[in-house]
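# Architecture and fold: a report
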Amino acid sequence: MGSSHLRPWTAMAIRARLGFVILLSLFFSATLSTALYEDQVGLADWHHKYIGKVKHAVFHTQKTGRKRVVVSTEENVVASLDLRTGFIFWRNVLGKNDHIDQVDIALGKYVVTLSSGGSILRAWNLPDGQMIWESTLPVSTLSKSSLYVLANMNVGKDNLILVFGGSSIHALSSMDGQIVWRKELSIDSLEIQQIFQPHDSDIINAVGFVGSSEFVVYQISYRTGEVMQQSKASFESGFCGEASLVFDNLVVALDASKSSLVSISFKNEVINFHQINLSDLVPDFSGKVTLLPLKFNGMLAIEIASSILLLRVKGANELEFVEKISHPFAFSDALPLSKEQQAFAILQHDESKIHFKVKSDNDLRNEILKETIQMDSQRGNIEKVFINNYIRTDRTHGFRFLVVMEDHSLLLIQQGEIVWSREDGLASIVDSTTSELPVEKEGVSVAEVEHNLFEWLKGHLLKLKGTLMLASPDEVAAIQAIRLKSSEKNKMTRDHNGFRKLIIVLTRAGKVLALHTGDGRVVWSVLLPALRRSETCGNPFALRVYQWQVPHHHAMHENPSVLVVGRCGHGFDAPGIFSIVDSYTGKVQNSLILEHSVSHIMPLPLTDSTEQRLHLIIDAKLQAHLYPKNSDSLKHFFNEMPNIYWYSVEVEKNKIKGYSLESKAELDTAEEYVFQAKELWSIIFPSESEKIAVTATRKMNEIVHTQAKVVADQDVMYKYVSKNILFVATVAPKAAGEIGSATPEEALLYAYLIDTVSGRILHRVCHQGAQGPVHAVVSENWVVYHYFNLRAHRYEMSVIEIYDQSRADNKDVWKLVLGKHNLTAPVSLYSRPDVMVKSQSYFFTHSVKSMAVTATAKGITSKQLLIGTIGDQVLALDKRFLDPRRSVNPTQSEKEEGIIPLTDSLPIVPQSYITHSLQVEGLRSMVTIPAKLESTTLVFSYGVDLFFTRIAPSRTYDSLTEDFSYALLLITIVVLVAAIFVTWALSEKKELKEKWR
C-alpha cells in the first residue's frame, strides 16, 4: 500500500532527473564552445599583413637559395619578399620615429639598414630577419645621410660599411658593427652629396657643397680614414644644392637660380667649373630646372616644365640630347650587366598602359627590351621602379621590374605580365567607416547555401566524431573544410545577426577601399581623382570618411554612399576636397574642389528627404558651410540651428573655444548655405604651468540603454549622460617630453571634464608626479585615461564617473513605473549642474598605443575597454575592473551587485587578448562596430597590419555558437526520450506484477 503511494513520486523523480539531465546537456552543449580552440581561429576573425609604400629595394637572386627582394618602406618596415609570389618571408617594424634612410646587403648574408637620420645602423640576418648587431653613431647635426656598402672594400675577411651623417664619415665592420674608424669633417654647413670609390683604388672620394657657393672634394683612405687630399673652390653664381655624379671625376650641379647647369671636374687637386646654358639644348627654354637622381654613368636627367630630358655627358662642357620623355614616368637606378655594360629602365604611363624600355650605355639610341602592359587605372601613375636581370635559356638578359604605384601598391612585372601584386596602401589607413551590405532578395542564393540531406547528415556525423574526439586527422581537416564551405560569412548580402558588413577605409594615398568583414578581401577600390596630384591641386591630403547617405525606406533600390573629405595641402587654410562614393560599387558620384578651406567637420544627426546626412564644414575664417546644398536640408537645418554648438582645440595656443551659429538675419552675406560662427566661451590654460596633451569625447552615435544605475541596497544613481562632455588632459611643460624628461616634483597631470555648450568645468583633478603620453576614452558617464607615474615608476589608469544629483529624488520605483518623475523634463546646460564624481586609480603593466570601448546595438551589454598595447596586441579589459566604487572588503550587497574587491593593479589575463598570439604591427587605432545581435561587438584594428574579430563582452547570451552540435543535441534528446519510454514500460510492468501478487 505504502509502495503504491511512492510510485508516482518515483516516476516524477525519474522524470525530474531526466529533465535535469536534458537541461544539463543543453547547458554544456551551449557553453563548452565558448573557449577558442586552435581550429576556430580564423572562423570569426582575420589578420592581413602589409609593409607599406616601398622606398628602397635590393634584389638577392643568387643561384642557390630563395630568390628574394629586400625592401624598406615609409611605414618604417624592412622586409624580405619572395620574388615568385610576393609573400613576406620576414619583416621588422621599427619605431614610429625611426625612419629608414637606406638599405643594402653586405657579405651576401646581412641586410644593412641606416635609420634615424644616419644615427642607427643595424644588420639583419638575410634568411630569417633576426637582428645580428646594432650600432649607434654619434651625429652632431641632422643632415642628409648616406649608406655605402662596396664589395671591394675588404679589410682582412671583412667588408667595411661607410655611413655619412651630420658632418662625419664612419667606417664599420659588417661582421659585428664595430666602428673601425671615424672621420669628422669639421666644416660648417658641409653637405656631402656623394661618396664613391674609383675603380681599383684604395681611396674614397667624398664630394659636396659648403654653404651655397663652395664645392669641396675629399680623398680618404678607406683603411684608416685619413684624409689624403682636400680640394675646395668657389663658384660665383652659387649652387642650389642639387648635384649628380656623372663620372668618377665629374659632377653636374644646378646653379642657385636653377636655370643653368654647372659641370664640375676635379683631378689632382684642380677643380674647374663650366656653366652650360640650357637654351643651347632647348631653344624655347624658360623657367627653372630640376635635376633628377639618375644614377647612371655618363647620363643626366633634367626636368623642364612638364618634360624630362635625357642627356649624355661627353665631356666637361659638352652635353648630347638623347631622348625627351613626357609625364608620368619613372627611372630605375643603373643595373650592371657585366664589367663593361650597365643598363637602366624607363617606364612611361600612357592612360591605361605602361611602356617599359631598358637601355644600355653601349647604345642609348636603341632599347635592349621594349614591352607594354595593361594597368588598372585605379592604381594611379608609376612612382618608382627597381630593376633586376636574369639569364634566359638562350643566354640573353631578361628583366624583372618591381613597380611602386601611386596608390602605394607593389607589383612585380616580368615578360610583359604582372606576376604578383600587393595592396600595400592598406598599411596607411587614415580613417574608416562601415556600410551595410545589400538586402538579400527573395529567391536569391537560397539554393547556393543549402546542401542535400546526405551532405548535411555526413557533415554533422563528422562534427559528432570530432566532439567525441574520435575523428582522424583527415576527418578533422574535412570538418574544418566543411565549416569554411558552409559558412555564410563571405556572402555579399546582409545577415540577420549583423556580422556581415563592408568596412570602407581611406588611405594616405587618397584611395578608398571596401573590405568584407567575412575575410577581409577587397570588394572594390577607387583612387579618387580629386585626391590625386594635378595642376589645380598640387599636394592633396586625405582627411576623413563619413557616411553620406544611408537609405532605409528604399534600401532595396538605392545604394548607400560615403563622403570623403580632403585638402589641397596640409595647412588649415588650404581648399577643401569633396568626393561622394557609392558604398556598393565604388563609383564616384560627385567630386569637387571647394572654394573654402576645411578646418573642422561636423556630421549632424539630421537628414534631408533623400536621406542624405547633413554636414557642417567649418573653414579657417570660422564660417560654417552646410552640405548638401538644397532647400530641404536648409529647412531641416534652420529648425535645429539654435541647438548646434561646437568647440575648437588650439593646442599651440593652449586654448579651447566654444561656438554657436548666428542667424541669417544677423549676417551680411549673400551665400544661402554659409553661416558665421559666434564665440561663446574660451578656456586659456596657463602656458607656464600647463600644456594640452590630449582631448577625448564620446562617440556621437553611442547608445546609452538607461540613465539609472541600481547600486547596492536597491539604491539608484543617475548617470550624467551628455554628448557635450569633453575630457582634457594637460601636463606640466617640463613633463611634455618623453618619460623621464622631468623629475617627479616637476611633473603634473591635470584632468578636466568640460561642458562644451557652456564652457563650464565640471570636474578637475591633479595627479602629482605624473606625465604623458596620455591616452583616454570617454563613454556614457565615465572616462578612463592612461599615463605614467614617475613616483611609482609604473603606468597607471584612472577612471572618473560623473553622476547627476539633480535627479537623486527619483529613487521610488513606483514613481518610475507610473511616470511621476522628472527624467523627461527638459534640462538646460546653462544651468549649474548638480553633479557627483567618483574616481579611482590603478597600476597597469603595459604602455598603451590607443584605447577604445565596445559598442552594442542597444547599449545593454556590459562594456569592455579595448587597449592597444605597446606589443601591438589588443587587450579586452572588463569595465568592472575600473569601477571607482571598488573597495578592499566589499559588503554582501556590493558582492551581489558584482563589485570586485580592490587591488592596486589591474589584472591582465592572457586569454583576454582578442588578437590571440597575433600582432597588429604598427597598431594605430581600433574601431568598434555594433552588430544587430546585442551581445556582440565587431572590432576592426589597423596599423601596418589589419585585424578583424567579433567579441561578446557578456558572452553570447542571445544566440548559439556557430559550431553548436545539433547532431549531439538531437541524439541526446532521442536517447532521453527512448529512456523515458523504456523506464515507463518497466515501471508499468513492475506495477502489474505487484498487482498480481
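## Some remarks on the packing of aromatic side chains
All told, the structure shown has 21 aromatic pairs when counted by the stated rule. Measuring from centroid to centroid gives 6.0 Å for Phe 239 and Phe 273, while their planes differ by 45°, and the two rings are tilted. Pair noted here: Phe 239 is in strand S18 (residues 239–247) and Phe 273 is in strand S21 (residues 270–277), with a separation of 34 residues, a long-range link. Residue Phe 273 is classed as partly exposed on the basis of its relative accessible area of 21%. Counting every residue linked through ring pairs, the aromatic cluster contains Phe 209, Phe 215, Phe 235, Phe 239, Phe 266 and Phe 273. Just above the ring of Phe 843 sits the side chain of Arg 794; from NZ or CZ to the centre is 4.3 Å. Here the guanidinium or amino end of Lys 879 rests over the ring plane of Trp 782, the centre of that ring lying 5.0 Å away.

## Section: the sheet that holds strand S63 (residues 937–942)
Read from one edge to the other, the open sheet built from four strands follows the order S1-S64-S63-S62, with strand pairing classed as antiparallel. Since the sheet does not close on itself, it has two edges, and those belong to strand S1 (46–48) and strand S62 (925–930), each with one partner. Strand-to-strand twist of the sheet, defined as the mean angle between neighbouring strand axes without regard to direction, takes the value 15°. Bridge count for S1 against strand S64 (residues 946–951) is three bridges, and the pairing is antiparallel. Pairing of His 48 across the sheet is with Leu 946, part of S64.

## Side note on the nonpolar core
Within the largest apolar cluster, 37 residues are counted, with the highest numbers of intra-cluster contacts made by Ile 51, Val 71, Leu 402, Phe 940 and Leu 946. Beyond its immediate stretch of four places on either side in the chain, Leu 402 contacts Ala 57, Phe 59, Val 69, Val 71, Lys 384, Val 385, Phe 386, Leu 410, Leu 411, Leu 412 and Trp 420.

## Looking at the environment of Lys 858
Looking at the element boundaries, Lys 858 is found in the loop between strand S59 (848–853) and strand S60 (864–869). Along the backbone, Lys 858 and Glu 934 are 76 residues apart, and their C-alpha atoms lie at a distance of 6.4 Å. Residues within four places of Lys 858 in sequence aside, it is in contact with Ile 703, His 705 and Glu 934.

## Some points on helix H8 (residues 966–995)
Between its first and last C-alpha, H8 extends 43 Å over 30 residues, near the 44 Å set by a 1.5 Å rise per residue. Turning to H8, its buried residues number three or more, namely Ala 967, Leu 969 and Leu 976.

## Here's the deal with the pairing of strand S13 (residues 179–184)
Where strand S12 (residues 168–173) lies against S13, five bridges are found, and the strand directions are antiparallel. Paired with Leu 172 across the strands is Ile 179, a residue of S13. Linking S12 to S13, which pair antiparallel, is a turn of five residues; within it Gly 177 sits at a positive phi near 80°.

## Thoughts on unusual backbone geometry
In this structure, Pro 628 follows Tyr 627 across a cis peptide bond, with omega equal to -5°. The residue after Gly 772, namely Pro 773, is reached through a cis peptide bond having omega 5°. With respect to the secondary-structure elements, Pro 773 resides in strand S55 (residues 770–779). The backbone of Asn 268 shows a phi angle near 55°, a positive value even though the residue is not glycine. Structurally, Asn 268 is set in the loop between strand S20 (260–267) and S21. A positive phi angle, close to 60°, is found at Leu 622, a residue other than glycine. Looking at the element boundaries, Leu 622 is found in the loop between strand S44 (613–618) and strand S45 (623–627).

## Focus on the pairing of strand S46 (residues 646–650)
When S46 meets strand S47 (residues 655–661), the two strands line up antiparallel, connected through five bridges. When the sheet's bridge partners are listed, Val 649 is paired in S47 with Ile 656.

## Things to note about the pattern of salt bridges
Any two side chains of opposite charge can pair, given that their charged atoms come close. In total, this model carries 33 salt bridges according to the counting rule given. The salt bridge involving Glu 702 is made with Arg 698; its shortest N-O contact spans 2.7 Å. Here the two residues Glu 702 and Arg 698 agree in accessibility, since each one is buried. Glu 801 is the salt-bridge partner of Lys 709, the closest N and O atoms lying 3.8 Å from each other. Of this pair, Lys 709 sits in strand S50 (residues 708–710) while Glu 801 is found in strand S57 (residues 794–804), placing the two residues 92 residues apart along the sequence. The pair formed by Lys 709 and Glu 801 is uniform in burial state, with each residue classed as buried.

The rules behind these values
- Residues numbered from 1 in each chain as written.
- Predicted model: local features only at pLDDT ≥ 70, side-chain atom pairs only at ≥ 80, totals over all residues.
- Heavy atoms only, no water.
- Phe/Tyr/Trp six-rings, centres within 6.5 Å; stacked < 30°, edge-to-face > 60°.
- Helix = DSSP H or I, 4+ residues; strand = E, 2+ residues; numbered from the N terminus.
- Buried < 20%, exposed > 50% of the residue type's maximum accessible area, 1.4 Å probe, protein only.
- Lys NZ or Arg CZ within 6 Å of the ring centre and 35° of its normal.
- Pairing = 2+ DSSP bridges.
- Axes fitted to C-alpha atoms, helices over the stretch in contact; angles between N-to-C directions.
- Core = buried A, V, L, I, M, F, W, Y, C linked by side-chain atoms within 4.5 Å.
- Contact = heavy atoms within 4.5 Å.
- Expected span 1.5 Å × (residues − 1).
- Salt bridge = Lys/Arg side-chain N within 4 Å of Asp/Glu carboxyl O.

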